[in-house]
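# Examination of the molecular architecture
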Amino acid sequence: MAKLPTSDQLLAATPTSFPDKGWMEIKPEFTPGTYPYPAKEATMKALGFPNAHTWAPQDEDWNLPENWEEIIYNGLKERLEKHRSLKVFMDTCVRCGACADKCHFFLGTNDPKNMPVLRAELLRSIYRKDFTLAGKILGKIAGARSLDKAIIKELFSYAYQCTECRRCSLFCPYGIDTAEITAIVRELLYELGLGINWVIEPVSNCNRTGNHLGIQPHAFKEIVEFLCEDIEEITGIHIDPPFNEKGHEILVIAPSGDIFADPGIYTFMGYLMLFHEIGLDYTLSTYASEGGNFGSFVSFDMAKKLNAKMYHEAERLGSKWILGGECGHMWRVINQYMATYNGPTPACMEVPKSPITGTVFENASATKMVHIVEFTADLIKHNKLNLRPERNDHLITTWHDSCNPARAMGCFEEPRSIINAVCNNFVEMPEHTIREETFCCGSGSGLNSEEIMDLRMRGGLPRANAARWVADHNNVNRIACMCALDRAILPPLMDYWVPGVDVSGLHELVGNALIMKGEIPRTMDLRQEDLEYPDPEVEEDEIEENGVENASEEQDNGGEE
Amino acid sequence: MLLMEKAKADKDILLQKWVDMFYKAYPLGSSGFVRTSKDKFTNPIGLITQTSLNTLYDAVIGEDIDPAKVHSALAEIVQLRAIQEMTPSKAVGPLAQLKTILKQDALSVCMKKNNDSKNLEKLFDEYFIVDSRIDALFLMALDLYSSDREKVFNLRVEEVHRSQSQVVRWAKLREGKLETNHNTEG
Ligand code: SF4
Ligand code: SF4
């Protein structure tokens with residue numbers, strides 16, 4: 001009789017993903033589901049990338065350009081000279097390990113190379129070899145290694161298992177920002193012609209039409225109008241937002257996910273309702289039709305190029321300042337780089353001042369751009385909105401601090417003040433998983449492509465795990481956030497780990513609670529789902545009164561325009 | 001109840017052995033971390049593995065546990081393993097290794113101490129019960145694993161739909177497929 005192995009033998013013989021060798025010796029493996037699809041050669045070429053070529057991560061040979069070593073060497077040299085921070089990050093790590101267990105990818109995979117210290121070490125080992133004396137002489141003993149093609153594969157693998165969320169840098173005594181190191185590694189890979197489709201397609205679309213999906217102006221306008229029809233269905237109020245109109249005080253730029261994708265559209269409807277209600281003097285633009293910037297996941301130059309349209313459009317339309325939607329990485333680009341990339345601001349722009357409360361947003365004096373969450377929090381603080389939080393009583397909401405606006409912008413209190421005003425049931429996730437220590441959604445920085453869904457479920461586990469805690473203990477059924485990528489990424493993450501928890505932006509909740517002049521009693525929320533506690537029927541004379549008031553207001557607005 | 005008592009008395013050690021069988025799937029360099037970090041929120045892999053297996057262990061040795069709780073404990077550990085880049089056997093296989101642990105560390109010890117035929121018979125009967133409970137868990141795990149994988153595939157499809165819902169709505173309208181009474185061309 002043939003001898004079957006025992007189950008113990010079988011399991012012992014099944015290879016783990018991680019053989020037991022020193023980290024420098026382990027080569028990355030590319031099995032389907034572990035890597036994002038490569039960018040198309042034609043698209044890369046059209047965008048002017050050098051060395052664009054056809055390649056596939058699972059292939060042995062990545063068809064690197066012949067002088068690939070020189071490209072990496074020169075590329076790194078140039079960036080070390082350009083970014084002082086990079087040199088400091090390369091030199092100062094003392095390998096104390098404080099960052100090691102702070103990365104969601106490490107916590108979800110337990111792969112040691114997902115410890116931020118090792119992720120950075122992948123580049124550092126090349127840096128040591130070529131740019132430090134000790135490395136040149138001592139080699140491996142000094143943590144240095146020479147380039148070989150497998151190292152390029154490794155850089156690719158781990159640069160695309162980092163969402164540039166910066167949680168690790170919070171815990172590093174030297175403030176080493178692994179996100180910046182990842183960004184540089186990705187830049188270097190692009191120089192070799194190695195890009196990913198999920199990032200390059202939106203970049204290319206943005207370059208052509210202004211937004212990630214490549215939607216053209218007429219379609220953009222008509223889609224916004226659909227959303228206005230939906231608003232009318234729910235509230236009885238007709239909104240006619242201006243497009244590309246000159247002479248308005250404010251240019252509104254939202255991430256396009258809020259216009260094209262579920263559940264972002266409900267957030268966008270919330271913006272439109274709010275603007276209508278407070279009589280904001282604004283315009284949308286079908287050219288600056290994207291706040292997001294996938295260029296920032298490619299290179300500094302690409303980020304700069306795609307970002308320029310915001311000021312161009314403000315200048316063309318004569319806007320005084322820009323009100324930006326609930327986005328994450330958009331604000332990283334704006335706050336960290338925009339002034340240097342695209343500044344100085346056009347002459348027509350002024351330090352943003354809320355026309356309703358008079359608050360001057362000094363924090364935005366350099367960029368002239370205000371995050372809508374700051375704007376609305378200010379309205380609420382000054383009691384400028386009529387709200388009925390009971391309309392959100394079917395929800396028990398928790399708040400996901402989106403990495404960029406939270407950790408990078410310090411936007412912690414504003415969203416909470418809004419939630420507390422528009423929802424009666426708000427529950428915080430456990431400490432050490434919120435505010436500056438917030439866990440990433442697991443798929444930011446261009447990692448939200450469907451082909452790596454498994455990887456995303458691993459990376460998002462720490463976030464989901466904290467959400468599951470409040471779902472189990474406090475019956476939370478909604479997770480709100482202020483980032484369009486989160487609104488795309490959290491739904492599958494919740495569906496997998498915490499089914500029953502839906503995702504929404506903050507202004508969806510604002511839109512639900514906002515009492516609008518002349519509206520019909522609401523029976524539905526913005527998703528057109530029945531409200532658990534519909535508005536009481538209004539007496540007839542009340543409706544008339546409101547109606548008249550509303551009509552005269554609209555006339556006022558018309559006059560201003 | 002000789003075997004069950006032994007398994008209950010030595011739970012800490014035996015459970016830890018079982019947990020370690022699951023941890024073997026993780027690289028040695030980091031599995032120290034899953035073992036040592038006790039924080040619920042900063043070590044989710046450790047938390048899920050420990051708490052799920054704790055419940056399942058009790059269920060196997062016959063403690064009185066709500067079947068729904070057993071099912072959800074099993075679902076949690078399988079859900080974790082199903083997305084961790086493992087072969088299916090690696091993902092759920094360690095469940096069955098509790099048999100090895102119980103045989104080596106409980107049954108054989110009990111057999112040495114109680115080697116008269118009456119006691120041996122009792123011991124075997126007890127073991128067969130345990131053995132079939134583990135089989136039941138294993139069968140449930142198979143179903144859970146495959147439904148988790150299906151779930152991941154569905155997530156991928158649903159995401160594509162969500163990401164361009166309004167563009168599809170627009171395109172359908174353009175094709176005249178969607179009824180609307182509002183003239184958007186106006
Ligand atoms: S915390 Fe900072 S210094 Fe310590 S290992 Fe991490 S990157 Fe290096
Ligand atoms: S930036 Fe975020 S994803 Fe990248 S290594 Fe640090 S913690 Fe991990």
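### What to know about the overall build of chain A
In terms of helices and strands, chain A carries 24 helices and eight strands. A compact globule built from 561 residues would reach a C-alpha radius of gyration of about 24 Å, and chain A, at 25 Å, matches this within 12%. Dimensions along the principal axes, computed over C-alpha positions, put chain A at roughly 85 × 65 × 45 Å. Partitioning the contacts of chain A with sequence separation of at least 6, the portion at a separation of at least 24 is 76%. Summed over all atoms, the accessible surface of chain A reaches about 21100 Å², with 49% contributed by carbon and sulfur. Distance from the positive charge centre (52 side chains) to the negative charge centre (84 side chains) of chain A: 13 Å.

### Section: the domain arrangement of chain A
Residue and element names in this part refer to chain A. Considered domain by domain, chain A is made up of domain 1 (14-195), domain 2 (210-381) and domain 3 (389-546). Domain 2 and domain 3 are separated by 21 Å when their C-alpha centres are compared. Counting residues at the interface gives 37 residues for domain 2, matched by 40 residues for domain 3. Overall, the association of domain 2 and domain 3 removes approximately 3200 Å² of surface from exposure, summing both partners, and the carbon and sulfur fraction of that is 69%. The tally of links from domain 2 across to domain 3 stands at three salt bridges. Across the pair arginine 487 and aspartate 258 runs a salt bridge, and its minimum N-O distance is 2.9 Å.

### Examining the interface of chain A and chain B
On the side of chain B, 52 residues touch chain A, which itself brings 61 residues to the contact. In total, about 5000 Å² of surface goes out of reach between chain A and chain B, with carbon and sulfur atoms giving 59% of it. The largest share of the area that chain A buries against chain B comes from A:Leu11, A:Phe226 and A:Tyr496, three residues that together contribute 14% of it. Counting the contacts that link chain A with chain B gives seven salt bridges. With a shortest N-O distance of 3.6 Å, A:Arg458 and B:Glu85 are connected by a salt bridge. Run the count over chain A and chain B and you get 16 residue pairs in polar contact (both at pLDDT 80 or more).

### Side note on the state of the cysteines
Residue and element names in this part refer to chain A. Applying the stated criterion to the full structure yields zero disulfides over all chains. Cysteine 441 takes part in no disulfide bond, and the closest cysteine sulfur, belonging to cysteine 440, lies 4.2 Å away. The exposure class assigned to cysteine 441 is buried, which follows from its relative accessible area of 4%.

Scoring rules and cut-offs
Residues numbered from 1 in each chain as written. Chains lettered and ligands numbered in written order. Predicted model: local features only at pLDDT ≥ 70, side-chain atom pairs only at ≥ 80, totals over all residues. Heavy atoms only, no water. Helix = DSSP H or I, 4+ residues; strand = E, 2+ residues; numbered from the N terminus. Rg over C-alpha atoms; globule rule 2.2 N^0.38 Å. Contact = heavy atoms within 4.5 Å. Areas by Shrake-Rupley, 256 points an atom, 1.4 Å probe, with all protein chains shown as cover. Lys, Arg positive; Asp, Glu negative; His and termini not counted. Charge placed at Lys NZ, Arg CZ, Asp CG, Glu CD. Domains from an automatic or database assignment. Buried area = accessible area lost by both parts, 1.4 Å probe. Salt bridge = Lys/Arg side-chain N within 4 Å of Asp/Glu carboxyl O. Polar contact = N/O pair within 3.5 Å; in protein donor to acceptor, adjacent residues only side chain to side chain. Disulfide = S-S within 2.5 Å. Buried < 20%, exposed > 50% of the residue type's maximum accessible area, 1.4 Å probe, protein only.

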